[in-house]
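A look at the structure
For reference, the chains in residue letters:
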Amino acid sequence: MTIAPIILFAYKRPNELSQTIQALQSNHLAAQSELYIFADGPRHPADEPKVAATRAVLDKITGFKAIHRAYSPHNIGCADSIIAGISSVLKQHPAAIVVEDDIVTSPNFLDFMNQCLQQYAANPAIFSIGGYTFPLLKPTGYTDDVYFFGRTCAWGWGIWADRWFKADWDLTDFDTFINDPVAQKRFNEGGSDRVRMLQRAHTKEIDAWDIRLCYAEFQQQGLTVFPTLSKTLNIGVDSPDSTTEVVYDRYRTPLDSGEQRTFALPKQAVVNVEYARQFRHKFSRSVRAWNKLRTYARQVSTRLSQ
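Moving on, we come to the packing of aromatic side chains. In the structure shown here, the tally under the stated rule is 26 aromatic pairs. Ring geometry for Trp155 against Tyr251: centres 4.8 Å apart, planes inclined by 80°, an arrangement best described as edge-to-face. Taken together, the residues span a long stretch of sequence, with Trp155 in the loop between strand E7 (146–149) and strand E8 (157–160) and Tyr251 in the loop between strand E10 (232–234) and helix H10 (273–282) at a distance of 96 residues. Each member of the pair, Trp155 as well as Tyr251, is classed as buried.

Shown next as structure tokens:
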């Protein structure tokens, strides 16, 4: 099996980054994997101490087949840094695994990602591999270790160069899309938040690459492979340095213990109706509204306790 390189993105979260690195080093395939590191520069002078502390952590990394470091002297921005970094690695490798500095992985994360990247490399129906899953109920009689859904995963994931380089990061057909209610309805089948997020990315209201990757998958009519038991956790959702807008963490999920090394991967990509129903519910308007209420309640509680 060809071992895909790991791409690690970091900015100014040394505490979360240390946990991310420790988990990656504990992966069964860490010593056989190349690691490419991209660290963004400070946006403001106040960011410089945390950026320096982050790079000090990166400088000490060991335990991988080879380590390549690229530290930007200035701030590129989250989306541009990730797009440019992945593009540069995928010009050299047919596939890659991507992790940001707030993702903790199970010891079998790299096993899972590499097996999926190999299994589905020649299947055009599969756009990417996700490492995270919500704690969804496994349907009775379901024996596979994966399920399929038409939404990309940003919390530990993998992709092939041929899929990645088809993405239109400039959203050149956005005007046509936003005036097509049928296309919008189809796009929101992957989550009721997607059209609005794409609009905000298009207007630069948010510095987001992941919703544009979702749109690329939609354009290519692809699916993402998800594990039935999560191989990653996001530990930065409520971090003061997080780039997300979420405070209440509704994404908590059991993390795989990492003992399983070989996975049951179906040859055909068939969307399971029950998994799809549960996945869509997690991105429904009602669930998102409830999340906002709990986020607001947490913010009020924090202010009152200060």
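This part is about the state of the cysteines. All chains considered together, the criterion is met by zero disulfides. Cys153 carries a free sulfur, and the closest cysteine sulfur to it, the one in Cys214, is 9.5 Å from it. Its relative accessible area of 7% is what places Cys153 among the buried residues.

Most of helix H4 (residues 109–119) sits inside the fold, with nine of its eleven residues counted as buried. Along H4, the residues classified as buried are Phe109, Leu110, Asp111, Phe112, Met113, Asn114, Gln115, Cys116 and Leu117.

So, about the packing of helix H8 (residues 194–202) against helix H9 (residues 210–219). Direction vectors running N to C along H8 and H9 enclose 120°, while the axes themselves pass 9 Å from each other. It follows that H8 is oblique to H9 by the angle criterion. In terms of crossing hand, the pair formed by H8 and H9 is left-handed. Touching Arg194, Met197, Leu198 and Ala201 of H8 are Ile211, Arg212, Cys214 and Tyr215, all from H9. Among the residues forming the contact of H8 with H9, the class breakdown is six nonpolar, no polar and two charged.

What follows concerns the pairing of strand E2 (residues 34–39). Of all six residues in E2, five are buried, a share of seventy percent or more. Both strand E1 (residues 6–10) and E2 contribute to a ladder of five bridges, which runs parallel. Along E2, the bridge assignment pairs Leu8 with Ile37. Once you follow E1 into helix H1 (residues 14–25) and on to E2, the crossover reads as right-handed. Sheet analysis places E2 next to strand E3 (residues 66–71), joined by six bridges and oriented parallel. For Phe38, the partnering residue across the bridge sits in E3 and is Ala70. Taking the sense of rotation as the criterion, the β-α-β connection linking E2, helix H2 (residues 48–59) and E3 turns out right-handed.

Tracing the chain through its elements places Asp145 in the loop between strand E6 (126–130) and E7. We note that Asp145 is buried and unpaired, the nearest opposite charge coming from Lys138 at a distance of 4.4 Å. A polar contact of 2.7 Å, which involves the side chain of Asp145, links it to the backbone nitrogen of Ala264. When residues no more than four places from it in sequence are discounted, the contact partners of Asp145 are Phe112, Lys138, Phe226, Pro227, Thr228, Gln260, Thr262, Phe263 and Ala264.

Judged by which residues are buried, E7 turns out to be covered on both faces: Val146 and Phe148 on one side and Tyr147 and Phe149 on the other are all buried. Bridge count between E7 and strand E9 (residues 223–227): four bridges; the pairing is antiparallel. Each bridged residue has a counterpart across the sheet, and for Val146 the counterpart in E9 is Pro227.

Attention now goes to the pattern of salt bridges. Under the defined criterion, the tally for this structure stands at nine salt bridges. Linking Asp111 and Arg261 is a salt bridge whose minimum nitrogen-to-oxygen distance equals 3.0 Å. Of this pair, Asp111 sits in helix H4 while Arg261 is found in the loop between E10 and H10, placing the two residues 150 residues apart along the sequence. A salt bridge links Lys231 to Asp256, with the nearest nitrogen and oxygen atoms 3.2 Å apart. Here Lys231 is found in the loop between E9 and E10, whereas its partner Asp256 is found in the loop between E10 and H10, with 25 residues between them in sequence. The same class applies to Lys231 and to Asp256, which are both buried. One network of salt bridges, with partners in common, ties together Arg13, Asp101 and Asp102.

Sheet architecture is open: eight strands sit in the order E3-E2-E1-E4-E8-E6-E9-E7, paired in mixed fashion. The outermost strands of the open sheet, each flanked by one partner alone, are E3 and E7. Between one strand axis and the next, the sheet turns by 25° as a mean value, whatever way the strands run. Examined bridge by bridge, E1 and strand E4 (residues 95–100) share four bridges and lie parallel to one another. If you follow Ile6 over to E4, its bridge partner there is Ile97. Set on the sheet, H4 makes contact with E1, E4, E6, E7, E8 and E9; between it and E4 the angle comes to about 145°. Contacts between H10 and the sheet are confined to E7 and E9, with E7 contributing the most and set at about 60° to the helix.

Reading the values: rules and limits
Residue numbers restart at each chain and count upward from 1, following the sequence in its written direction. Local features in a predicted model are, by the rule used here, given only for residues with pLDDT of at least 70; side-chain atom pairs are given and counted only at 80 or more, and totals for whole chains, interfaces and linings are based on all residues. Hydrogens and water molecules were not included; the side-chain quantities draw on all heavy atoms of the structure. Pairing of aromatic side chains requires ring centres within 6.5 Å, counting the rings of Phe and Tyr and the six-membered ring of Trp. Pairs whose planes differ by under 30 degrees are stacked, by over 60 edge-to-face, and all others tilted. Numbering of helices and strands runs from the N terminus, with a helix taken as a DSSP run of H or I at least four residues long and a strand as a DSSP run of E at least two residues long. A simple rule labels every residue: compare its accessible area, found with a 1.4 Å probe on the protein chains alone, to the largest value its type can have, and call it buried under 20%, exposed over 50%, or partly exposed in between. Cysteine sulfur atoms are paired as a disulfide whenever they come within 2.5 Å of each other. Only C-alpha atoms enter the line fits that serve as axes; for helices the fit covers just the stretch in contact. Angles between N-to-C directions range over 0 to 180 degrees. By the definition adopted for this analysis, an angle is roughly parallel if under 35 degrees, roughly antiparallel if over 145, roughly perpendicular if from 65 to 115, and oblique otherwise. Whether a crossing is left-handed or right-handed is set by the direction in which the near helix is turned from the far one by less than a right angle, anticlockwise for left-handed and clockwise for right-handed. Contact between two residues is taken to exist if any of their heavy atoms lie within 4.5 Å; hydrogens are not considered. In this classification, the charged set is Asp, Glu, Lys and Arg, the nonpolar set is Ala, Val, Leu, Ile, Met, Phe, Trp, Tyr, Cys and Pro, and all remaining amino acids, among them Gly, are polar. Two strands pair if DSSP finds at least two bridges between them. Classification remark: right-handed applies to a crossover when, strands pointing away from the viewer, the course from the first strand over the helix to the second runs clockwise. Neither His nor the chain ends is counted toward charge; the positive residues are Lys and Arg and the negative residues Asp and Glu. By convention in these notes, a salt bridge is any Lys or Arg side-chain nitrogen within 4 Å of a carboxyl oxygen on Asp or Glu. Here a polar contact is recorded for every N or O atom pair within 3.5 Å, except that within protein the pair must consist of a potential hydrogen donor and a potential acceptor, and residues adjacent in sequence are included only if both atoms are side-chain atoms.

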